[in-house]
Amino acid sequence: MTDTRDADIPIRRKVQEKTKAADRGGPAQPLVIARDLKCHFPVRKGVFNRKATAVRAVDGVSFTVEKGETLGIVGESGCGKSTTARLLVGLTGLNAGDLIFDGDRLGEDLSLKELWDGVQMVFQDSYASLNPRLTIEETIAFGPKMRGVASGAARRLSHELLERVGLAPGRFAGRYPHELSGGQRQRVNIARSLAMKPRLVILDEAVSALDKSVEAQVLNLLKELKDEFGLTFVFISHDLNVVRYISDRIMVMYLGEVVEIGPVGSVWDKRAHPYTAALFAAMPSMDPDNRTEVPPLLGDPPNPIDPPSGCRFHTRCPFAESVCSAAKPKIVAVDGAQGHEAACHMLDPVSGHSKSAGGAHLEAAE
Amino acid sequence: MSHTTPNLLDIEGLEVRFHGERTVHAINGLDLTLKPGEVMTILGESGSGKSVTLKALLKLLPEKRTAMSGAMRVDGIDVMALTGRALSDYRGKTVSMIFQEPALALDPVYTIGDQIAEAVIRHERVSKREAMDRALDMLKRVRIPSPESRLKNYPHEMSGGMRQRAMIALALACKPDLLLADEPTTALDATVQIQVLLLLRELQKEFGMGIIFVTHDIGVAVEISDRIAVMYAGNIVEEGSVAEIIKDPRHPYTKGLLEANLHDADPSETLTSIPGSPPPLDVKPDHCSFAPRCAYAEARCFKALPPVLKPGPGRRVACILEEGRAPVMTPAREPEPA
């Protein structure tokens, strides 16, 4: 680690002290417990703007985020991964379910304002998420100032953070967002999120818009900052390689539901759910002698307004049987690694799926 | 280069400069050739000039603000000299293009069928009925389910993957000799992206056209192409077959790109990344544009443009590091006197 750098010691200490003070539940208490989260967006129709139906963006999602880990969320567009992120920050209201942040239930023990003391978010579009009329120094100092930090101290903090994310304050502090490159802007967004001294940082496709060579720089920076400030990350991306590199655990979503969750190595090796297997197989091959010949999935994901019955993946699943459209699969433990779970009839010995009895792991998917 | 099979595409010393509030030297002396039926990927980061190259080939760049020089020939047609009716005949018939964002490239007020038929009528002077039959046939070829009803759909009624298929149908309706594809799968989900890539590969075999495919994703380049040209700061720094570029990269920039790739990256190790960012291109490069970011840069890298060396057939590397390994085939281009 960069312990030899004197410049960032004070700021790191400040953040760690605050984290210690706020760590109420102790190390065993998960930082976030999400229980049966639901978020439905109404679709209005007709002259009277009546609620006709709803987009079921997030439909019964449960997971936990342990302290100090990185949870990666993957899935196709429309699977609800970004909505899940927005629910965690309180940017979108919950329709049902509980969010428990270090033992405190959001809404009862914890107000939104208190939640925002501990949770920050970095978005995909680095330009749209910065105020074009503020210099980047003002942007980073804005949050602390709003929370009562004197403007001199806020400015100093913003300089320290700029230095830490690799932007020399002397050169960059007075610049406006349009004077920076995409990678530099994303560094500013990261610095801004750290200025609020968060415990949880949600990164929603934070490196997706960057060029490959810059992406690697920003990922390295994120890993360093996580260790240094003792952060917990929720990392959302459609790029499986990025998620694999940065995450400890990985959660695969499909049409508003969790289909598989577990330690990254175990999910990567087993690919217990057929959707996970297909998603991984859809990654372009890096071997010119071994190119993909058959697309792993046909068609587009169905519309979340009217999701398929039973298992939502049955319309595209190569192993679908009648039970798949009739009954919703239970979440069952996958053999091997602790905490690896998937929702598929084939893994459930009592589901009645013809492939379930043998309990074999999708030999056909290989 | 054998003279028995003439090249489908020849670009020699292409330079594109945009002037306006500030001047940008987008393309600086680009040479590129393509054989009939060959699939070439131009790999590069944003601002490297890969999209500008494609647009220059269709003369889609704003005329008043663009200064172009050099030579471009497709099928023996001198693209630089094309204007008016000859240019309209060329666009869509000889060369056509698919774009990254099909929702923006398709016209929202006409049905898919009408848009495809319009192109067919313009180029082949057939009746509306025949043109619609061709449109239907094209939708079948790009494997759009229930093509009869999709023919009457507007672009907003289709999903992203479906729209991209419709745009491919439109681009191929007049059987062009050369298809330009500007990041056509970047906006799509991974599961749909691979479907579109495999479809393009099949259609290429079926129609036998040449394709220039532009992407920043090495994985996509491996899936689609025969050859890869790596572009940096408005010029090609390395070119070779897919296997050569992936297994034996020679230019430090190509090596850096491959190392920064996260495929099979070890989570416990720090990623190797290329330090710094690409140059702004306000001035025409008079030395190696990559030198400021290059770990192997020497004093002479900052003095003159690098030599273009050809270590093998169809292979070229613009770097002094190749000098010991291969004979110099092309002398370094002298910077023009300012």
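Computed from a predicted model, the values in this text were never measured in an experiment.

*Asks:* Outline the overall build of chain A, supporting the account with residue identities and numerical values.
*Replies:* Helices and strands together make up the secondary structure of chain A, namely 12 helices and 12 strands. Expected size for 366 residues packed as a compact globule is a radius of gyration near 21 Å; at 22 Å, chain A falls within 12% of this value. By principal-axis analysis of the C-alpha atoms, chain A measures approximately 70 × 60 × 45 Å. When the 366 residues of chain A are sorted by exposure, 45% land in the buried category.

*Asks:* Lay out the packing of helix α7 (residues 182–195) of chain A against helix α8 (residues 212–229) of chain A with the relevant residues and their values.
*Replies:* Residue and element names in this part refer to chain A. For the pair α7 and α8, interaxial distance at closest approach is 10 Å and the crossing angle is 15°. Overall, the two elements α7 and α8 adopt an arrangement that is roughly parallel. Like other packed secondary-structure pairs, α7 and α8 cross with a definite hand, here right-handed. Judged by residue contacts, Gly182, Gly183, Gln186, Arg187 and Leu194 of α7 engage Val214, Gln217, Val218, Leu221, Leu225 and Phe229 from α8. Split into classes, the residues belonging to the contact of α7 with α8 amount to 6 nonpolar, 4 polar and 1 charged.

*Asks:* Residue-level account of α7(A), with values.
*Replies:* All names here are of chain A. Under the 1.5 Å per step criterion, the end-to-end length of α7 is 20 Å for 14 residues, consistent within 8% with the ideal 20 Å. Across the 14 residues that make up α7, a large majority, 13, are buried. One or two steps after α7, the chain reaches Lys197, where phi turns positive at roughly 50°.

*Asks:* Any details on the UniProt feature "domain: ABC transporter" (unreviewed entry) in chain A? Residues and values, ideally.
*Replies:* In the numbering used here, UniProt assigns the "domain: ABC transporter" (unreviewed entry) feature to residues 43–280 of chain A. Structurally, residues 43–280 of chain A comprises 41% helix and 25% strand, and the distance from its first C-alpha atom to its last is 33 Å.

*Asks:* Describe the domain arrangement of chain A, naming the residues involved and giving the relevant values.
*Replies:* Residues and elements named next belong to chain A. Domain parsing of chain A yields domain 1 (6–247) and domain 2 (250–287 + 308–365). Sorting the residues of the side of domain 1 that touches domain 2 by element identifies β2 (50–65), β3 (70–74) and α9 (240–246) as the ones contributing at least two each. Of all the elements, β2 adds the most residues to the side of domain 1 that touches domain 2, at 7 residues. Residues belonging to the side of domain 1 that touches domain 2 are distributed by class as follows: 10 nonpolar, 5 polar and 4 charged.

*Asks:* Explain the pairing of strand β12 (residues 315–318) of chain B to me, and be specific about the residues and the numbers.
*Replies:* Within a regular strand, the side chains alternate between the two sheet faces. Residues and elements named next belong to chain B. Note: strand β10 (residues 235–241) against β12, 2 bridges, orientation antiparallel. In the strand pairing of β12, Glu239 is matched with Arg316. The turn joining strand β11 (residues 308–312) and β12, which pair antiparallel and follow one another in sequence, is formed by 2 residues; a positive phi near 75° is taken by Gly314.

*Asks:* Can you break down the UniProt feature "domain: ABC transporter" (unreviewed entry) in chain B residue by residue, with the values?
*Replies:* The feature "domain: ABC transporter" (unreviewed entry), as given by UniProt, occupies residues 11–258 of chain B in the numbering adopted here. Here residues 11–258 of chain B is 41% helix and 25% strand, with 27 Å between the C-alpha atoms at its ends.

*Asks:* Report on the nonpolar core, specifying residues and quantitative values.
*Replies:* By size, the foremost hydrophobic cluster in this structure holds 192 residues, and its most contacted members are A:Val234, B:Ile116, B:Ala169, B:Leu180 and B:Val230. A per-element tally of this core places helix α7 (residues 160–172) of chain B first, with 8 residues. Two domains share this core, each providing at least three of its residues, namely domain 1 (6–247) and domain 2 (250–287 + 308–365) of chain A. Not counting the four nearest positions on each side in its chain, B:Val230 is found in contact with B:Leu43, B:Gly44, B:Ile236, B:Val237, B:Glu238, B:Ile245, B:His251, B:Tyr253 and B:Thr254.

*Asks:* Could you give an account of the sheet that holds strand β4 (residues 66–74) of chain B, naming the residues involved and the relevant values?
*Replies:* All names here are of chain B. The antiparallel open sheet is built from 4 strands, whose spatial order is β2-β1-β4-β5. At either margin of the open sheet sits one strand with a lone partner, and together these are β2 (24–34) and β5 (77–78). Note that β4 and β5 share 2 bridges and pair antiparallel. Residue Val74 lies in a different strand from β5, and its bridge partner there is Ile77.

*Asks:* I'd love a proper account of the interface of chain A and chain B, names of residues and values included.
*Replies:* On the chain B side, the residues contacting the 31 residues of chain A number 36 residues. Elements represented by at least two residues in the side of chain A that touches chain B include exactly α8, α9 and α11 (274–281) of chain A. Ranked by the residues each element gives to the side of chain A that touches chain B, the list is headed by α8(A), at 7 residues. Of the residues that constitute the side of chain A that touches chain B, the class distribution is 16 nonpolar, 10 polar and 5 charged.

*Asks:* Explain the sheet that holds strand β1 (residues 32–45) of chain A to me, and be specific about the residues and the numbers.
*Replies:* Residues and elements named next belong to chain A. As summarised here, the arrangement of the 4 strands in space is β2-β1-β4-β5, forming an open sheet in which the pairing is antiparallel. Pairing within the sheet leaves two strands with one partner each, and these edge strands are β2 and β5 (104–105). Relative to strand β4 (residues 96–101), β1 runs antiparallel, the two sharing 5 bridges. The residue of β4 that forms the bridge with Ile33 is Ile100.

*Asks:* Go over α11(A) with me, naming the residues and quoting the values.
*Replies:* Taken across its 8 residues, α11(A) has 6 buried, putting it largely inside the fold. Taken together, the buried positions of α11(A) are A:Pro274, A:Tyr275, A:Thr276, A:Ala277, A:Ala278 and A:Leu279. Turning to α11(A), the residues buried within the fold contact β3, α9, β9 (249–254), β10 (257–263) and α10 (264–270) of chain A together with α8 (190–207) of chain B.

*Asks:* Could you give me a rundown of the confidence of the model for chain B, with the residues and numbers involved?
*Replies:* In this model, chain B carries an average pLDDT of 89, and 95% of its residues clear a pLDDT of 70 or more. Here residues 330–338 of chain B is modelled with pLDDT under 50, and outside its nearest four sequence neighbours on either side it reaches 10 contacts, counting other chains as well.

*Asks:* I'd love a proper account of the confidence of the model for chain A, names of residues and values included.
*Replies:* Residue and element names in this part refer to chain A. Residues at a pLDDT of 70 or more form 91% of chain A, whose mean pLDDT is 86. Predicted confidence for residues 1–7 stays below pLDDT 50, and this span has 5 contacts to residues more than four positions away or in other chains. In this model residues 358–366 is a low-confidence stretch, pLDDT under 50, and it forms 8 contacts with partners more than four residues away in sequence or in other chains.

*Asks:* So what's going on with the packing of helix α4 (residues 112–124) of chain B against helix α5 (residues 128–141) of chain B? Which residues, and what values?
*Replies:* Residues and elements named next belong to chain B. Between α4 and α5, the least distance of the axes is 8 Å, while the angle of their chain directions is 120°. Considering the angle they form, α4 stands oblique to α5. As α4 packs across α5, the resulting crossing turns out to be right-handed. Contacts between α4 and α5 involve Gly113, Ile116, Ala117, Val120 and Ile121 on the former and, on the latter, Lys128, Ala131, Met132, Arg134, Ala135 and Met138. For the contact of α4 with α5, a count of residues per class yields 8 nonpolar, 1 polar and 2 charged.

*Asks:* Quick one: what's the story with the environment of A:Ser356, residue by residue and with numbers?
*Replies:* All names here are of chain A. Mapped onto the elements, Ser356 comes out in the segment after β12 (341–343). Taking the C-alpha atoms as reference points, Ser356 and Ser213, separated by 143 residues in sequence, lie 44 Å from one another. Not counting chain neighbours up to four residues away, the residues in contact with Ser356 comprise His345, Met346, Leu347, Asp348, Pro349 and Ser351.

About the thresholds
- Residues numbered from 1 in each chain as written.
- Chains lettered and ligands numbered in written order.
- Predicted model: local features only at pLDDT ≥ 70, side-chain atom pairs only at ≥ 80, totals over all residues.
- Helix = DSSP H or I, 4+ residues; strand = E, 2+ residues; numbered from the N terminus.
- Rg over C-alpha atoms; globule rule 2.2 N^0.38 Å.
- Buried ≥ 20, exposed ≤ 12 C-beta atoms within 10 Å, placed from the backbone.
- Axes fitted to C-alpha atoms, helices over the stretch in contact; angles between N-to-C directions.
- Parallel < 35°, antiparallel > 145°, perpendicular 65-115°, else oblique.
- Left-handed = near helix turned anticlockwise from the far one by under 90°.
- Contact = placed C-beta atoms within 7 Å.
- Nonpolar A, V, L, I, M, F, W, Y, C, P; charged D, E, K, R; others polar.
- Expected span 1.5 Å × (residues − 1).
- UniProt positions renumbered as here; feature names shortened; annotations may be inferred.
- Domains from an automatic or database assignment.
- Pairing = 2+ DSSP bridges.
- Core = buried A, V, L, I, M, F, W, Y, C linked by C-beta atoms within 7 Å.
- pLDDT = per-residue confidence, 0-100.

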